[in-house]
Amino acid sequence: MNGKLLPDIRTSTSAQMHTLEAIIAAMIMVGIIIFAVQATSLTPLTSSTANAHIEAQLQSMGQDMLNTLSYSSYGEDSQLKEDIENWDGNEYVWNGSAYQIFDSENETLQNSSLADVLLMVAVPRGIAHNVHFGWVDENGILRDRRYIYNGEPSDNAVIISKKVLLSDNDIGNTSIFYANTTIPDADEVTDFYNVVDVRMTLWRM
């Protein structure tokens with residue numbers, strides 16, 4: 001010992017500064033931990049994440065269905081286009097076993113690839129679905145009619161769409177087609193008939 005006494009922490013300015021710095025550092029660390037916990041509180045088990053995951057699955061499923069139906073071999077119409085060409089203008093609803101005309105239990109949707117795919121993919125998984133056909137009328141106004149309808153969608157519903165180009169040659173008798181569907185011939189001078197927007201809405205029950 002050289003006879004020097006250690007400084008008293010109660011009277012040493014340097015010691016007090018070190019103590020204060022330690023307290024501040026500890027408070028900063030606690031603040032960082034609290035912030036990190038709050039920022040990462042959204043886990044895969046939360047409802048928001050689960051809903052986002054379900055919506056992504058439905059979006060992918062619906063896109064795959066429309067893409068598959070839109071495929072066509074050279075010189076042939078796609079199944080999606082054939083569904084539009086064969087549409088009689090009626091609205092169909094799911095009755096538990098088939099798609100029937102809205103106001104008639106005895107008439108069901110026949111020869112519809114859209115209905116077949118929905119019956120195969122969506123119905124067994126408990127996925128509700130609507131399908132609308134949209135187009136531009138003679139006055140340039142967007143029109144929309146139901147093809148398959150199962151009620152109002154939930155807040156977590158997803159919408160997938162695919163545009164289909166129709167020509168006079170595709171339609172055949174344009175007068176009968178217009179009378180059934182109210183989809184007009186947008187250009188009577190050329191072979192172009194109209195563009196139909198097929199919009200599919202999917203949501204879990």
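Along each chain, the written sequence defines residue order, and numbers are assigned to residues from 1. Totals for whole chains, interfaces and linings use all residues, but because this is a predicted model, local features are given only for residues with pLDDT of at least 70 and pairs of side-chain atoms are given and counted only at 80 or more. The basis for every side-chain value is the complete set of heavy atoms in the structure, and neither hydrogens nor water enter the calculation.

Attention now goes to the overall build of the chain. Strands are runs of DSSP state E lasting at least 2 residues, helices are runs of H or I lasting at least 4, and numbering of each runs from the N terminus. Secondary structure assignment for the chain yields six helices and six strands. Contacts are assigned to residue pairs with any non-hydrogen atoms lying within 4.5 Å of each other. Partitioning the intrachain contacts of the chain with sequence separation of at least 6 by distance along the chain shows that 65% fall at a separation of at least 24. Here the accessible surface of atoms and residues is derived via Shrake-Rupley with a 1.4 Å probe, and residues count as covered only by protein chains that are part of the display. Carbon and sulfur atoms make up 56% of the accessible area of the chain, which totals about 13,200 Å².

What follows covers the packing of aromatic side chains. The aromatic pairing rule takes the rings of Phe, Tyr and Trp, using the six-membered ring of Trp, and pairs them if the centres are within 6.5 Å, calling planes under 30 degrees apart stacked, those over 60 edge-to-face and the rest tilted. Evaluation of the coordinates by the stated rule reveals six aromatic pairs. With a centroid separation of 6.4 Å and an interplanar angle of 75 degrees, the aromatic rings of Tyr92 and Tyr147 are classed as edge-to-face. One end of the pair, Tyr92, is in strand 1 (residues 92–94); the other, Tyr147, is in strand 4 (residues 142–148), with 55 residues separating them in the sequence. The class for Tyr92 is buried, based on a relative accessible area of 4%. Summarising the aromatic geometry, the rings of Phe133 and Tyr147 are spaced 4.7 Å apart at their centres and angled 25 degrees between planes, so their arrangement reads as stacked. Of this pair, Phe133 sits in strand 3 (residues 127–136) while Tyr147 is found in strand 4, placing the two residues 14 residues apart along the sequence. For every residue, the accessible area obtained with a 1.4 Å probe (protein chains only) is divided by the maximum for its type, and the residue is called buried under 20%, exposed over 50%, and partly exposed between those limits.

What follows is about unusual backbone geometry. Trans peptide bonds make up the majority, and among non-glycine residues the majority have a negative phi. Non-glycine residue Asn111 carries a positive phi angle of around 55 degrees. Here Asn111 lies in the loop between strand 2 (99–101) and helix 4 (113–121). The exposed category is assigned to Asn111, whose relative accessible area is 70%. With a phi close to 65 degrees, Thr182 is a non-glycine residue in the positive phi region. Summarising the element assignment, Thr182 is placed in the loop between helix 6 (174–181) and strand 6 (192–204). In this structure Thr182 comes out as partly exposed when scored by relative accessible area, which is 37%.

What follows is about a nonpolar patch on the surface. On the surface, Leu165, Phe192 and Val195 cluster together into a nonpolar patch covering about 230 Å² of accessible area. The topology assignment puts Leu165 in strand 5 (residues 158–167). Every patch collects residues that have over 30% relative accessible area and no salt bridge, joining them within 9 Å if they carry like charges and within 5 Å if they are nonpolar side chains (Val, Leu, Ile, Met, Phe, Trp, Tyr). Salt bridge, as used here: a side-chain nitrogen of Lys or Arg that lies within 4 Å of a carboxyl oxygen of Asp or Glu.

The next point concerns the nonpolar core. The definition of a nonpolar core used throughout is a set of buried Ala, Val, Leu, Ile, Met, Phe, Trp, Tyr and Cys residues joined through side-chain atoms within 4.5 Å. Ranked by size, the top nonpolar core spans 36 residues in total, and within it Leu114, Val131, Phe133 and Val198 carry the most contacts. Sorting the residues of this core by element identifies helix 2 (47–70), helix 3 (79–85), strand 2, helix 4, strand 3, strand 4, strand 5 and strand 6 as the ones contributing at least two each.

As a further point, take the pairing of strand 3. Among the ten residues in strand 3, nine count as buried, and that is most of the element. A strand pair is defined by DSSP finding two or more bridges across the two strands. Two elements, strand 3 and strand 6, share eight bridges in a ladder whose sense is antiparallel. Following the sheet pairing, His132 is matched in strand 6 by Arg199. Where strand 3 hands over to strand 4, the hairpin turn is made up of five residues, of which Gly140 adopts a positive phi near 80 degrees.

Before going further, it helps to spend a moment on the confidence of the model for the chain. A score from 0 to 100, pLDDT tells how confident the predictor is in each residue. For the chain, mean pLDDT is 84; residues scoring 70 or higher make up 78% of the total. This model gives residues 39–43 a pLDDT under 50, and the stretch forms four contacts once residues within four places in sequence are excluded.

Turning our attention to the side chain of Asp168. Structurally, the position occupied by Asp168 is in helix 5 (residues 168–171). When charges are counted, neither His nor the chain ends are considered; positive counts come from Lys and Arg and negative counts from Asp and Glu. For the buried Asp168, no salt bridge is present, and the opposite-charge side chain at shortest range is Lys81, 11 Å distant. Once residues within four sequence positions are removed from consideration, Asp168 is found in contact with Thr174, Asp185, Thr190, Asp191, Phe192 and Tyr193.

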